[in-house]
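The residues making up each chain are set out below.
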Amino acid sequence: MAPKRTAREPTPSAATTQASSTASVPAIPTKASLKAKDNQSPQEVALGIWQNYLDTTPQRTKLIDVFMSFLVVVGVLQFVYCVVAGNYPFNAFLSGFSSTVGQFVLTASLRIQTNGENKADFGELSPERAFADFVFGSLILHLFCINFIN
Amino acid sequence: MRWLLSFLLLGLLSVVQAVSSSGNKLLVVLEDLAEKSKYSKYIADLEGRGFSINYESPKSDKVALFELGERAYDHVLLLPTKAKGLGPALTPKLLLDFINAGGNILLTLSSSNPTPTSLVSLLLELDIHLPTDRNALVVDHFNYDTLSAAEKHDVVLVPRPDAIRPDVKNFFRGDGKGGDVIAFPRGVPQELGNTSPLLTPILRAPRTAYSYNPKDEGEAAEDPFGAGPQLSLITTMQARNSARFTVIGSAELLEDAWFDAKVKRSVGLGGVGTDAKSVKTANQAFAAEVTGWTFNEIGVLKVGKIEHYLNEAGVKSNITNPKIYRVKNDVTYEIEISEYSWDKWVPFTPQAGDVVQLEFSMLSPFHRLPLTPTTTTKNSTIYTTSFRLPDQHGIFNFKVNHKRPFLSNLEEKNTVTVRHFAHDEWPRSWVISGAWPWIAGIGATITGWVAFVALWLWSKPVPLKLTTSGKKIQ
């Protein structure tokens, strides 16, 4: 989810800037139109971001991102099934879906805490400690979900 | 030795004599003991049915319905008196107290003796209205006795009454063959209020009868008190505690003279009875039925044992009448009902079209189910029903509320707690196939997590290479 979102978000903004630039070509050049003068296509922008992501992201953060996108797929599948096939038994849906969502949230926290660029915010907290918290929280979540699904 | 003998005698006595289901102490209030002879056959009937009778005059000092705060008698028969009042021992208040204490009263009226005002007010209290003319009586020009009242038409001949509703038991039909005639001589008609559900008439006046005051000079009755079946000749009131109160409009109906009398009906509407023969009245049998009903000899219901138990999947639980059930339990309820019939308890069967019902209620009934008779013993019927408790927890009652005209009231309530499912009583998730996708969801999440943790621990943290180009892009 995280890489996709980062990849997607600039794309529409690039598209809008392009659209606005084409509409306001004869008008006074704005800041956005000035920026778009690099003549990059949206594909190129996206590819650039992706390349940048591959270059600058540590391997462990990439691992986290893979896991999170896996969770998004599992969560979407469960939700779609619930919409299509009905929510009986509801506690099973709640526990299955919330286990995925909860795991996603915990993993996102781990990603924030272990990110080298956030060192200023988590100076006290070592990545090992963050990982231990993550494992502890996940175990509680799994136990809760298994108990709740009965 | 002597006490043994007396006990034996007492036992024999109680076996031999038929007795009302609620005791045999009967007080007969009549003005003059000499009047007793007029009712000798009726009284002999009562004694033959096992009543021990005390005779008192209303003026007597000894007459008292209560003794030390308890009922002194089980039943009271009030025969007409000439006195204007009944004295301090038989005030309407005391008579009502007597009913409230479970005593039965049979009240007879007579048009020749104006009804005492205290009795009129007692009847008003029960929503039974008497004609305002003190001498009013029932007259019928189409159903009178030609032998005794050819001139005055004040001996009304009535057939035995039909059941008031098809689903109500008729205790007053005699042998049921029909053709019986009841002579109702010079009776006082009653009108019943609409509001009281406790009042039921036994005998209504024929369609052509009306209330007439013989003191009126006019040829025709103007503005009569009532006419036709609006007039009740014999009225009953069964109180909520099943105490019974009956008004017989004509005390003469009970007299020997009318027990034996031969009557011949007049020509009725549409030429009915043109070839009528003189027949003997059915007064004696009818009086016995009315009196028997009033004095709890017939139409009395009794509940024996009540059982309810868990009956899951057709397996009867050993624990009867548990205090607690769970929602959606399968439960069986059994109730044993007997009916008293003159001298013994017999199995109770509701009239065709009627049914005994069980309510399973919390404030309002969640279930109202018919009870079906399953077993019949010598003197009772066992009614059963099985059902699934509602999906609602709380305090519930098994309630049988059987109130029917002419039958004593049954109101049985057994309170149970209905609890919700315990945590371990729900079906496991894998039993429900609908839950499988979400079990798979949890499984995938946990497996993915385990794989992630393993990879994380296995992988070595790679130091971040911060290139200048990366900073440029950001």
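Residues numbered from 1 in each chain as written. Chains lettered and ligands numbered in written order. Predicted model: local features only at pLDDT ≥ 70, side-chain atom pairs only at ≥ 80, totals over all residues. Heavy atoms only, no water.

A.B. asks: Would you take a moment to explain the overall build of chain B for this structure?
C.D. replies: Of regular secondary structure, chain B possesses eight helices and 28 strands. Each of the 474 residues in chain B was classed as buried or not, and the buried ones make up 49%. Taking the intrachain contacts of chain B between residues at least 6 apart in sequence as the baseline, contacts between residues at least 24 apart amount to 72%. For chain B, the exposed area adds up to about 23,900 Å²; of that, 56% sits on carbon and sulfur atoms. (Helix = DSSP H or I, 4+ residues; strand = E, 2+ residues; numbered from the N terminus. Buried < 20%, exposed > 50% of the residue type's maximum accessible area, 1.4 Å probe, protein only. Contact = heavy atoms within 4.5 Å. Areas by Shrake-Rupley, 256 points an atom, 1.4 Å probe, with all protein chains shown as cover.)

A.B. asks: It is not clear to me how the overall build of chain A should be interpreted in this structure. Could you clarify?
C.D. replies: When helices and strands are counted, chain A shows seven helices and zero strands. Ordered by position from the N terminus, the helices and strands of chain A form the series α-α-α-α-α-α-α. Looking at chain A alone, contacts between residues at least 24 apart form 70% of all its contacts between residues at least 6 apart. Counting every atom, chain A has about 9,300 Å² of accessible surface; 67% of that belongs to carbon and sulfur.

A.B. asks: Got a minute to help me understand the interface of chain A and chain B in this structure?
C.D. replies: Accessible area lost upon the coming together of the parts is a frequently used measure of interface size. With 41 residues of chain A in contact, the opposing surface of chain B contributes 31 residues. Here chain A packs against chain B, burying approximately 3,200 Å² in sum over the two surfaces, 72% of which is carbon and sulfur. Summed over the three residues of chain A that lose the most area to chain B, namely Arg60, Phe131 and Asn150 of chain A, the buried surface amounts to 23% of that side. Applying the counting rule to chain A against chain B returns zero salt bridges. Those elements that provide at least two residues to the side of chain A that touches chain B are α4 (42–56), α5 (59–85), α6 (90–114) and α7 (127–149) of chain A. (Buried area = accessible area lost by both parts, 1.4 Å probe. Salt bridge = Lys/Arg side-chain N within 4 Å of Asp/Glu carboxyl O.)

A.B. asks: What am I meant to see in the UniProt feature "transmembrane region" (unreviewed entry) in chain A here?
C.D. replies: Residue and element names in this part refer to chain A. Under the present numbering, the feature "transmembrane region" (unreviewed entry) in UniProt falls on residues 66–86 and 130–149. For residues 66–86, the helix share is 95%, the strand share is 0%, and the end-to-end C-alpha distance is 30 Å. Here residues 130–149 runs as 100% helix and 0% strand, with 28 Å between its end C-alpha atoms. (UniProt positions renumbered as here; feature names shortened; annotations may be inferred.)

A.B. asks: What should I look at first to understand empty space enclosed by the protein in this one?
C.D. replies: If a probe the size of a water molecule is rolled over the atoms, the empty space left behind becomes visible. All names here are of chain B. A complete count under the given rule lists three cavities of 30 Å³ or more for this structure. For the largest cavity, the calculated volume is near 80 Å³. If you go around the largest cavity, you meet 15 residues; those closest to its centre are Pro80, Thr81, Thr108, Pro116 and Leu119. Class assignment for the residues of the lining of the largest cavity results in 10 nonpolar, five polar and no charged. (1 Å grid on protein atoms, 1.4 Å probe; cavity = no way out; pocket = protein on both sides within 12 Å on 5 of 7 lines; lining within 4 Å. Points joined across faces, edges and corners; volume = space filled by probe spheres on them. Nonpolar A, V, L, I, M, F, W, Y, C, P; charged D, E, K, R; others polar.)

A.B. asks: Sorry, what's going on with the sheet that holds strand β12 (residues 199–204) of chain B here?
C.D. replies: Each strand in a sheet pairs with another by means of backbone hydrogen bonds, the pair being arranged parallel or else antiparallel. Residue and element names in this part refer to chain B. Spatially, seven strands are ordered β2-β1-β5-β6-β15-β14-β12 in an open sheet, and the strand pairing comes out mixed. Strand pairing shows two members of the sheet lacking a second neighbour, β2 (52–56) and β12, which therefore form its edges. Going across the sheet, the axis of each strand differs from the next one's by a mean of 15 degrees, ignoring polarity. Relative to strand β5 (residues 75–78), strand β1 (residues 25–29) is paired through four bridges, and the arrangement is parallel. The residue bridging Val28 from the neighbouring strand is Leu77, located in β5. Contacting β1, β2, β5 and β6 (104–108), helix α2 (residues 40–48) runs over the sheet at an angle of about 140 degrees to β2. The strands that helix α6 (residues 283–294) touches are β6, β12, β14 (232–238) and β15 (244–248); relative to β15, the one it contacts most, it runs at about 150 degrees. (Pairing = 2+ DSSP bridges. Axes fitted to C-alpha atoms, helices over the stretch in contact; angles between N-to-C directions.)

A.B. asks: How should the sheet that holds strand β24 (residues 364–370) of chain B be read in this particular structure?
C.D. replies: Residues and elements named next belong to chain B. Ordered in space as β20-β28-β27-β23-β24, the five strands form an open sheet in which the pairing is mixed. Looking along the sheet, the strands with just one partner apiece sit at the ends: β20 (324–326) and β24. Strand-to-strand, the axes of this sheet are offset by a mean angle of 30 degrees, without reference to chain direction. Examined bridge by bridge, strand β27 (residues 394–402) and strand β28 (residues 410–419) share nine bridges and lie antiparallel to one another. Its bridge partner lying in β28, Gly394 is registered against Val418.

A.B. asks: Explain the nonpolar core to me, please; I cannot follow it from the model alone.
C.D. replies: Side chains of a nonpolar character, in soluble globular proteins, are inclined to be buried together. Ranked by internal contacts, the top residues of the largest apolar core, which has 66 residues, are Tyr42, Leu77, Ile335 and Phe398 of chain B. Viewed by domain, this core spans two of them, domain 1 (16–296) and domain 2 (300–424) of chain B, each represented by three or more residues. (Core = buried A, V, L, I, M, F, W, Y, C linked by side-chain atoms within 4.5 Å. Domains from an automatic or database assignment.)

A.B. asks: Got a minute to help me understand the confidence of the model for chain B in this structure?
C.D. replies: Of the residues in chain B, 92% have a pLDDT of 70 or more, and the chain-wide mean is 87. Note that residues 468–474 of chain B has pLDDT below 50 and, in this model, five contacts with residues that lie over four places away or in other chains. (pLDDT = per-residue confidence, 0-100.)

A.B. asks: Quick question: what am I supposed to make of the packing of α5 of chain A against α6 of chain A here?
C.D. replies: If you want to describe how two helices pack, look at the angle between their axes and the distance between the axes. Residues and elements named next belong to chain A. Across the interface, α5 lies against α6 with an axial gap of 9 Å and an inter-helix angle of 160 degrees. The pairing of α5 with α6 is recorded here as roughly antiparallel in orientation. In this structure, α5 crosses over α6, and the sense of that crossing is left-handed. The residues of α6 that touch α5, namely those facing Thr61, Ile64, Asp65, Phe67, Met68, Leu71, Val72, Val74, Gly75, Gln78, Phe79 and Cys82, are Phe93, Gly96, Phe97, Thr100, Gln103, Phe104, Thr107, Ala108, Leu110, Arg111 and Thr114. Classifying every residue of the contact of α5 with α6 by side-chain character gives 13 nonpolar, eight polar and two charged. (Parallel < 35°, antiparallel > 145°, perpendicular 65-115°, else oblique. Left-handed = near helix turned anticlockwise from the far one by under 90°.)

A.B. asks: Can you walk me through the pattern of salt bridges in this structure?
C.D. replies: Pairing between side chains of opposite charge can happen when their charged atoms approach one another. All names here are of chain B. Tallied over the full model, the rule gives 22 salt bridges over all chains. For Arg404, the salt bridge identified is with Asp354, shortest N-O distance 2.8 Å. Of this pair, Arg404 sits in the loop between β27 and β28 while Asp354 sits in the loop between β22 (344–347) and β23 (357–362), and the two are 50 residues apart along the sequence. For the pair Arg404 and Asp354, a shared accessibility class is recorded, and that class is buried.

A.B. asks: Got a minute to help me understand the packing of α6 of chain A against α7 of chain A in this structure?
C.D. replies: All names here are of chain A. Close contact between α6 and α7 brings their axes to 9 Å; oriented N to C, the two are set at 175 degrees. By the angle between their axes, α6 is roughly antiparallel relative to α7. Partitioned by chemical class, the residues of the contact of α6 with α7 number 12 nonpolar, 12 polar and no charged.

A.B. asks: Teacher, can you tell me more about the packing of aromatic side chains here?
C.D. replies: When we look at a pair of aromatic rings, we describe it by the centre distance and by the angle of the planes. The tally for this structure, following the rule as stated, stands at 31 aromatic pairs over all chains. Here Phe79 of chain A and Phe93 of chain A contribute two aromatic rings whose centre-to-centre distance is 6.4 Å and whose plane-to-plane angle is 50 degrees, an arrangement assigned as tilted. With a gap of 14 residues between them, Phe79 of chain A in helix α5 and Phe93 of chain A in helix α6 connect regions that are remote in the sequence. For Phe79 of chain A, a relative accessible area of 41% translates into the label partly exposed. Their ring planes at 75 degrees and their centres at 5.3 Å tell us that Tyr81 of chain A and Trp438 of chain B sit as a pair that is edge-to-face. Here Trp438 of chain B lies in helix α7 (residues 436–458) and Tyr81 of chain A lies in helix α5, a pairing that spans two chains. Here a set of aromatic residues connected by ring pairs shows up, and it is made of Tyr325, Tyr333, Phe360, Phe366, Phe387, Phe396 and Phe398 of chain B. The ring of Tyr55 of chain B has Lys36 of chain B sitting right over it, with the charged end atom 4.2 Å from the ring centre. A cation sits over an aromatic face here: Lys316 of chain B above Tyr309 of chain B, 4.5 Å from the ring centre. (Phe/Tyr/Trp six-rings, centres within 6.5 Å; stacked < 30°, edge-to-face > 60°. Lys NZ or Arg CZ within 6 Å of the ring centre and 35° of its normal.)

A.B. asks: I keep staring at a nonpolar patch on the surface and nothing clicks. Help me out?
C.D. replies: Together, Val76, Phe79, Val80, Val83 and Val84 of chain A line one region of the surface with nonpolar side chains, adding up to about 480 Å² of accessible area. Relative to the helices and strands, Val76 of chain A is located in helix α5. (Patch = residues over 30% accessible without salt bridge, like charges linked within 9 Å, V, L, I, M, F, W, Y side chains within 5 Å.)

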